[in-house]
Amino acid sequence: MKKKTLIRNLLSFALSMAMVLSVPGLAGCGETEVTETEDIELRDPAGVAKSMVNPEYRNLYKYITVSAIISPEVTEKSYSSGTNFASFAKMPGETIKKGDALVNGDTTQIDEQIKALKETIKNNEESHAEQIADMTKQLEKDKEDYEEKQKNFDFYSEIEGVVEEPFKNADGSYTFPDDPNFKGASDYDVAQYYHWSRTLAMLDSSHRYALMTYQKDQINLERTEALYELDSKYNQDRLKSLQKQRAQQVLYTDVDGTVVYVNCVKGISNYGQIRYVEKGDWLNKNMSVVAVGDLSVKLLKSQFVNRGAINTCVDYYAIIHGKRYKVEYQPMTSEEFNRISKRDGDVYSTFTIEDPDDDVKYGDLATIVIVQDQRDNVLCVPKTSVERDESGSYVYVYDGSKYVTTYVKTGMSDGMFTEILSGLSESDLVKAEYSIKSGYHNEELSRAETGADFAGTGTYFYPSTKYVINPVKHGTTYIDEVCVKKNMRVEKGDVLIRVHVVSDAIEIEREERQIERLNEQLADLIKENDEDDKNGKQIKNVRKQIEEATEHLNELKSDAAVTAVRADRSGIITEMFDGGERNPGDLMRSEGNIAKIADQSSCFIAVDDSNQQLSYGNSVVVSYEDRNNNVTQVKGTVVTANAMSMSRTLRQGLALVSVAPEDMGTLLETTNAANAGIWDITRFSVYGKIRVMDDVLMVPRKAVTEFGGNCYVTVKEADGTLKNVSFICGGSDTNGYWVAEGLTEGMTICWE
């Protein structure tokens, strides 16, 4: 054994015996007699207590760590006014472009109003066109009549001088027969004058009346045009308003990205069955409905970190898969904090990350290390060795025969060790109540993987479904055979049910007779029609009645010929007959729901994630075990964002797992062959490794001492000496702790 080690062991043993056999000195003196011992070799026992230590150079840390998840930048979308839900236009995991529809509101009523208004506008246009045509035609006739009468009036006006000439006086004035001063003229001239005068007056009155009629028709035409324009503008404005309202029922994205959540949960039943949002359900205004993630941006979302902690720290960074990354804290104002706190309750912090090599993936676990204070390679003694009085801080230093009170200047303390700025040297022996967690277990530090196991339950979730309804509107439909069942995969055109329809023979016969009579009426009208087309409108009306009656008759006959109802699209049967049961011989009402079909590409496994463990990008395994203990397993990917990225409205304790369509088909085949349970709920086991941190320096749990919020291990140096070393702990699992800073690969640690 080396001489130095021998002396140290002897001295340690001697001092231990002295403390047992002697009475301590007065406080502040620290004088202790040293008992002589034989020159023998002693070994430090396991977990040895040190009564004296030399000040050592070491690193000190004061820090806090918070876990974070790599998430995309999330934008939530909501309606500006309340609406009834119809369907999700995009599903989680789907890529979208700015302007794409995200959610469809229920536009049934608005569509009916728009349809009715368009029909009104069309009818008004046709009616107005006919009216204008008639008025224009009449106006042209009135114009011709007026012009003809004007022409006659002008002609008689032109012969005025000839007729008046016999009544002309010598001075150029005229004296007519109806004038009291009339002197006389031939009876012929008088008769000629009276005839002309009466005719001119008649023509004048006639042409004035024709002009008035023509002008009146002009005014009526202009008024009709103006009134139609006003009415048309009113209807067009109404149409635009309805179309705007309809457009507002569709929620669009104003950013590019990927759908990372949909507000699909309405509640949980007493039996644990998830009640999903369905068509007709009310969506409140400003309620987040969809979350869109920008996958070009990587953020770290963590438990709330106060801005003061960042402003006063000496350094902060992130550790991801054993690699250190520079991050930037995103502060929030007090107003923003209060608003989010009031809205959501929990407030989370955001950090941006520099990842030029694109090594970081969504769903990765990160640890944010906030170094509040740090000293590198500074002289330290155990914190318990430092005492204090009115004069300052002091320690007891052994001078070879007794303890001497020595005042020191201290710096930072990490809970176990205190920095000595002045007053001691590395060779001093300082009184200490200090133990080293030594032992016979030795291990060389190496890198490994750490993480947590997720285990949960899931159920089918089909957010995009649509009913196939009974297309028979006329007659009575009876079921002959039900050809499909719940959870079955169907192709477009597959038979869902076979039926026979009992038609209404009386109605068909009535419609045929009506068409026959209308055709006879049409033939008579055409035969009676003259060049002026005086029966044109009647002919048009009868032809329209024939068209409508023929269409109705064809519907009656077409419905009577129906023998099967087929799938109008490919997908998965999620429900039959509104959840009820139908058998051969049962009546099927007109437009009744037959089968709800889900788009297989939009099927998910909805996983209970009330503890907010799953994140976008996590890989999991979905497993189902039937009654015969046959297990089916498929891989899936979480396509919904972690709750820390979203507001409380979207924190539904539910994560959606996307499974490849072919794998979903495999699950369907398995569950179809098994009993789903009394409540018709198929439950899956979902498990996977989450919060994984690989390539990190791992320390066995038994080797770590936690003291004052810090972690320490006993490091065995090359010369065999033992030393307590603190390190920044990034996290832990059931087996041990992993190191963010303070220890290096290859170090040997030991423990009892």
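Residues numbered from 1 in each chain as written. Predicted model: local features only at pLDDT ≥ 70, side-chain atom pairs only at ≥ 80, totals over all residues. Heavy atoms only, no water.

Participant: Even after reading the chapter, I still don't get the overall build of the protein chain, so can you show me in this structure?
Facilitator: The secondary structure content of the protein chain amounts to nine helices and 41 strands. Put simply, the protein chain has 752 residues, and 42% of those count as buried. Of the contacts formed within the protein chain by residues at least 6 apart in sequence, a portion of 79% connects residues at least 24 apart. When the accessible area of the protein chain is evaluated, it comes to approximately 41200 Å², of which 47% is carbon and sulfur surface. (Helix = DSSP H or I, 4+ residues; strand = E, 2+ residues; numbered from the N terminus. Buried < 20%, exposed > 50% of the residue type's maximum accessible area, 1.4 Å probe, protein only. Contact = heavy atoms within 4.5 Å. Areas by Shrake-Rupley, 256 points an atom, 1.4 Å probe, with all protein chains shown as cover.)

Participant: Sorry if this is basic, but what is going on with the packing of aromatic side chains here?
Facilitator: What describes a pair of aromatic rings is the distance from one ring centre to the other and the angle between the planes of the rings. What the rule picks out here adds up to 16 aromatic pairs. Relative to Y156, the ring of F155 lies with its centre 5.7 Å away and its plane at 90 degrees, an arrangement referred to as edge-to-face. We classify Y156 as partly exposed; its relative accessible area is 24%. Taken together, the ring pairs in this structure connect Y460, Y462, Y624 and F684 into an aromatic cluster. Residue placement shows R324 over the ring face of Y317; its charged tip is 3.5 Å from the ring centre. For K431, the ring lying beneath its charged end belongs to Y403, and the centroid distance is 5.7 Å. (Phe/Tyr/Trp six-rings, centres within 6.5 Å; stacked < 30°, edge-to-face > 60°. Lys NZ or Arg CZ within 6 Å of the ring centre and 35° of its normal.)

Participant: Could you clarify how one ought to interpret the packing of helix 7 (residues 505-528) against helix 8 (residues 536-560) in this entry?
Facilitator: The angle between the axes and the distance between the axes are what describe a pair of packed helices. Two elements in contact, helix 7 and helix 8, have axes whose closest approach is 9 Å; the angle formed by their N-to-C orientations is 160 degrees. Taken together, the axes of helix 7 and helix 8 lie roughly antiparallel to each other. The hand of the helix 7/helix 8 crossing is left-handed. On the side of helix 7, the interface is formed by E507, I508, E511, E512, I515, L518, N519, Q521, L522, L525 and I526, while helix 8 contributes Q538, I539, V542, R543, Q545, I546, A549, T550, H552, L553, L556 and K557. The residue makeup of the contact of helix 7 with helix 8, split by class, is 12 nonpolar, six polar and five charged. (Axes fitted to C-alpha atoms, helices over the stretch in contact; angles between N-to-C directions. Parallel < 35°, antiparallel > 145°, perpendicular 65-115°, else oblique. Left-handed = near helix turned anticlockwise from the far one by under 90°. Nonpolar A, V, L, I, M, F, W, Y, C, P; charged D, E, K, R; others polar.)

Participant: Looking at this structure, I do not really get empty space enclosed by the protein. What am I missing?
Facilitator: Once rolled over the atoms, a probe with the size of a water molecule shows which space is left empty. Summed over the entire model, instances satisfying the criterion amount to one cavity of 30 Å³ or more. Empty space within the largest cavity amounts to approximately 40 Å³. Taken together, I121, N124, E125, Y228, D231, S232 and N235 make up the full set of residues lining the largest cavity. Secondary structure elements with two or more residues in the lining of the largest cavity: helix 2 (108-158) and helix 4 (187-248). (1 Å grid on protein atoms, 1.4 Å probe; cavity = no way out; pocket = protein on both sides within 12 Å on 5 of 7 lines; lining within 4 Å. Points joined across faces, edges and corners; volume = space filled by probe spheres on them.)

Participant: How do you make sense of the side chain of T406 when you look at a structure like this?
Facilitator: The topology assignment puts T406 in strand 19 (residues 403-413). Residues in contact with T406, not counting those within four places in the same chain, are S393, Y394, V395, V397, G423 and L424.

Participant: For this particular structure, what's the right way to read the sheet that holds strand 3 (residues 83-88)?
Facilitator: Strands pair in a sheet through their backbones, by hydrogen bonds, and they do so in one of two ways: parallel or antiparallel. The four strands are arranged 6-5-3-10 in an open sheet whose pairing can be described as antiparallel. Edge positions in the sheet fall to strand 6 (250-252) and strand 10 (282-283), since each of these pairs with one other strand and no more. Bridge count for strand 3 against strand 5 (residues 101-105) is three bridges, and the pairing is antiparallel. Bridge assignment links F85 to a residue of strand 5, and that residue is G105. (Pairing = 2+ DSSP bridges.)

Participant: Just checking my understanding: could you explain the pattern of salt bridges for this structure?
Facilitator: For side chains of opposite charge, pairing can occur when their charged atoms come near one another. Under the defined criterion, the tally for this structure stands at 24 salt bridges. The partner of D237 in a salt bridge is K233, and the shortest N-O contact between them spans 3.0 Å. Here D237 pairs with K233, and both are found in helix 4, just four residues apart, close to one helical turn. On the basis of relative accessibility, which here comes to 36%, the residue D237 falls in the partly exposed class. With a closest N to O distance of 3.9 Å, D344 and R651 form a salt bridge. In this pair, D344 sits in helix 6 (residues 334-344) while R651 sits in the loop between strand 34 (631-638) and strand 35 (654-659), placing the two residues 307 residues apart along the sequence. Judged by relative accessible area, which is 5%, D344 ranks as buried. A single network of salt bridges, built from pairs that share partners, joins K298, D355 and D358. (Salt bridge = Lys/Arg side-chain N within 4 Å of Asp/Glu carboxyl O.)

Participant: Got a minute to help me understand the nonpolar core in this structure?
Facilitator: Across soluble globular proteins, you tend to see nonpolar side chains buried next to one another. Formed by 53 residues in total, the largest nonpolar core has its most connected members in V103, L300, F351 and L654. Take this core: its biggest share by element is five residues, from strand 11 (residues 288-303). With near-sequence residues (within four places) excluded, V103 lies in contact with Y79, F85, S87, F88, A89, Q249, V250, L251, V289 and V290. Core analysis: the second largest hydrophobic core is formed by 32 residues, Y317, C711, V739 and W751 among them. (Core = buried A, V, L, I, M, F, W, Y, C linked by side-chain atoms within 4.5 Å.)

Participant: How do you make sense of the confidence of the model for the protein chain when you look at a structure like this?
Facilitator: A low pLDDT score tells you not to read the predicted coordinates there in detail. For the protein chain, mean pLDDT is 85; residues scoring 70 or higher make up 89% of the total. Low pLDDT (under 50) marks residues 1-46, which in the prediction has 58 contacts with non-local residues, meaning those over four places away or in another chain. Here residues 674-680 is modelled with pLDDT under 50, and outside its nearest four sequence neighbours on either side it reaches nine contacts, counting other chains as well. (pLDDT = per-residue confidence, 0-100.)

Participant: Would you take a moment to explain unusual backbone geometry for this structure?
Facilitator: A negative phi angle characterises most non-glycine residues, just as the trans form characterises most peptide bonds. The phi dihedral of N286 is positive, around 65 degrees, even though this residue is not glycine. A positive phi angle, near 55 degrees, is found at D358, a position not held by glycine. Residue D358 is classed as partly exposed on the basis of its relative accessible area, which comes to 44%.

Participant: Got a minute to help me understand helix 7 in this structure?
Facilitator: Along an α-helix, a turn takes 3.6 residues, which lines up residues three or four apart on a common side. Between its first and last C-alpha atoms helix 7 spans 35 Å; for 24 residues at 1.5 Å apiece the expected length is 34 Å, and the two agree. Every buried residue belonging to helix 7 is among I508, E511, I515, L518, L522 and L525, and all of these are buried. Tucked inside the fold, the buried residues of helix 7 contact helix 8. (Expected span 1.5 Å × (residues − 1).)

Participant: Whenever I open this one, the side chain of N470 confuses me. Can you help?
Facilitator: Its location among the elements puts N470 in the loop between strand 24 (465-469) and strand 25 (476-482). Separated by 3.2 Å, the side chain of N470 and the backbone nitrogen of V472 make a polar contact. One polar contact links N470 to T477, side chain to side chain, over a distance of 3.5 Å. Beyond its immediate chain neighbours, meaning those up to four positions away, N470 contacts T477, V565, M588, R589, S590, E591, G592 and I594. (Polar contact = N/O pair within 3.5 Å; in protein donor to acceptor, adjacent residues only side chain to side chain.)

Participant: What am I meant to see in helix 8 here?
Facilitator: With 25 residues, helix 8 extends 36 Å between its outermost C-alpha atoms, agreeing within 8% with the 36 Å of an ideal straight helix rising 1.5 Å per residue. Close packing links the buried residues of helix 8 with strand 27 (495-502) and helix 7.

Participant: Which parts of the structure should I look at to understand the pairing of strand 21 (residues 429-435)?
Facilitator: Consecutive side chains along a regular strand alternate between the two faces of the sheet. Covered by surrounding structure in strand 21 are V430, A432 and Y434 only, the residues L429, K431, E433 and S435 on the alternate face being uncovered. Relative to strand 21, strand 18 (residues 392-398) runs antiparallel, the two being bridged by two bridges. The residue bridging V397 from the neighbouring strand is V430, located in strand 21.

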